[in-house]
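# Tertiary structure, described
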Amino acid sequence: MTGTEQRLAAIRGDAPPKRHNARTIAALTGNPGCTRRAVLDGAGVDKPTLAARVGFPARFGQSRFAITRGNTFEAQVKAGGGAELLRLVAERLGVPVPTTASWTDLGDGDDPAARARRSATLLTGAVSPVDPDSDEPPGAGEPPRADEPAALFDHPMLGLAVAGQRVHLEPDLVAAQLGGRFHVVEIKSFPVIDGQADPAKLAAAAVQSAVYVLALRELFTARGHDPHLVSHEVVLVCPRDFSNEPVAHLLDVRRQLLVVRRQLDRMDRLDTLLADVPADFTADPAADPAALAGSLARVPARYAPDCLASCELAYFCRHEARGQTGALGRPVREALGGIADVGEVLALAGGEPAPDPERAEAAALLRTAARLRADALAAPA
C-alpha cells in the first residue's frame, strides 16, 4: 500500500471500503470544493453508518422495495440474452435490428481491477477495423445493415481518475456497433408516464450516464481509438406508464459531459487534500460518537441545501452550518459578497460599519436592501 492508501485505510477504520459509483462521482463533482466529502469518499467510508453514528441519519436513498423492483425490472429487460433489449435500443436509435448479436456478461468476479482489464480488452476488441486510407470513423457515411453483428456487454467495469485516485464504475450495459457506435444503456425503474419522467430523476440519470460515457471514452483514447466512437446519446430504458413494459428514450448528455469533465479537472488530488487533514482524523463508525463529531468538524465542508439530496452527511453539515450564509444556498452566499456569518449580514444591514474596506460595497448594498424592505412594509396596503 502507498502512503496515501495507508492513510485512507486508517481514516476508514476496520470496515471494508465502499466503492465509488456514478452517483457518488456525480454528487462529488456537483460540490468539488467540499474537502470533507472528497476525503470520506476517497477513503471509502460508509457514510450512511457514519451519519447515523453521529446522530444525523440520512433521510434519502432507495427503499428495499425500490431496490428489489429495480433489480426485477432489469432482469426482465435483459432476459433471453437481451433480445428484447436489443430491439428497443435499435429502434430508438433508428437502425435495423441486428439479426445476430453476442451477449457477454462482465459482471462476474470480485476483483474490480481484473474485471476492468477484461472489460477493456473485450470492449476495445469490438471496435470495427479502420480503413487506413479513410479519415472517417468506422461506419461513417454508410447506412446500417441488419446483417452487421452487434455486441451487448452486461455490467462492464470501467475506470476513471477521481481526485488522483483510480475508481471503478459499472454501467448497466454497453451496446457496441449499433449504427457504427457504442452506446451506454442505463436501466432505471422510475416510470415514464405519458412520455414524461420525473425531472429530478431524469437529471440525475443524465449526470450518472455522462460519468459512464466519459469513462468509456477515456478507455478508447488510452487504447488508441477514436473516443467519439462512444456516442453522447445514452439509451435510457424505463417502465412505461404504470406497467412493467419497457420503453427506451435517448438522453443527450453532451452538456453533462462538459460539466463532469470540468469539475473532475478542478478537484484536488487526495494526497494534496490529506496534507491539510489532521493526522489523527478518523471517520471510523466504530469510534465514540462525540469523538467522531469532533473529528469531522476539523475537516472543512461546503454545505449547501442541494447537498440534502445527494450526501448522506448533509444533515450533520446543515446543523453545523447554522448561522452561516452558505446554509441558505450558494447563490445567497455569493450575492452577499462572501460574508459567511448571518449575524454579520444583519449587523451590516442595520447600519454597523464594515470591518474592512473589502466589505464596504456589500455593506452599502445590504443597507439599501434593508431600507427598501422597510419602506415596502411600511407602505399602506
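Right, let's walk through the structure included here. Worth saying up front: this structure is predicted, and the values here are computed from it rather than measured. (Residues numbered from 1 in each chain as written. Predicted model: local features only at pLDDT ≥ 70, side-chain atom pairs only at ≥ 80, totals over all residues. Heavy atoms only, no water.)

Here we come to the layout of surface pockets. Over the atoms, a rolled probe matching the size of one water molecule traces out where space is still vacant. Estimated volume of the second largest pocket: approximately 580 Å³. Taken together, 27 residues line the second largest pocket, and the ones lying closest to its centre are Glu-5, Leu-8, Gly-42, Gln-165 and Arg-166. Listed by contribution, the elements that provide at least two residues to the lining of the second largest pocket are α1 (3–12), α3 (35–43), α7 (112–125), β4 (165–169) and α10 (270–274). Tallied by class, residues from the lining of the second largest pocket come to 10 nonpolar, 8 polar and 9 charged. (1 Å grid on protein atoms, 1.4 Å probe; cavity = no way out; pocket = protein on both sides within 12 Å on 5 of 7 lines; lining within 4 Å. Points joined across faces, edges and corners; volume = space filled by probe spheres on them. Helix = DSSP H or I, 4+ residues; strand = E, 2+ residues; numbered from the N terminus. Nonpolar A, V, L, I, M, F, W, Y, C, P; charged D, E, K, R; others polar.)

With that settled, consider the packing of helix α14 (residues 342–349) against helix α15 (residues 360–378). Where α14 meets α15, the closest approach of the two axes is 7 Å, and the angle between their N-to-C directions is 70 degrees. In this view, α14 runs roughly perpendicular relative to α15, as classed from their interaxial angle. The segment α14 lies against α15, with Val-345, Leu-348 and Ala-349 engaging Ala-363, Leu-366, Arg-367 and Ala-370. Taken together, the residues of the contact of α14 with α15 sort by class into 6 nonpolar, no polar and 1 charged. (Axes fitted to C-alpha atoms, helices over the stretch in contact; angles between N-to-C directions. Parallel < 35°, antiparallel > 145°, perpendicular 65-115°, else oblique. Contact = heavy atoms within 4.5 Å.)

For the rest of this paragraph, the subject is the sheet that holds strand β2 (residues 150–154). In spatial order, the strands read β1-β2-β5-β6-β7-β8; together these 6 strands make up an open sheet with mixed pairing. In this open sheet, the two edge strands, each paired with only one partner strand, are β1 (101–105) and β8 (246–252). Sheet twist, expressed as the average angle between the axes of neighbouring strands with direction ignored, equals 25 degrees. In this structure, strand β7 (residues 233–239) lies alongside β8, joined through 7 bridges in antiparallel fashion. Opposite Leu-236, over in β8, you have His-249 as the bridge partner. (Pairing = 2+ DSSP bridges.)

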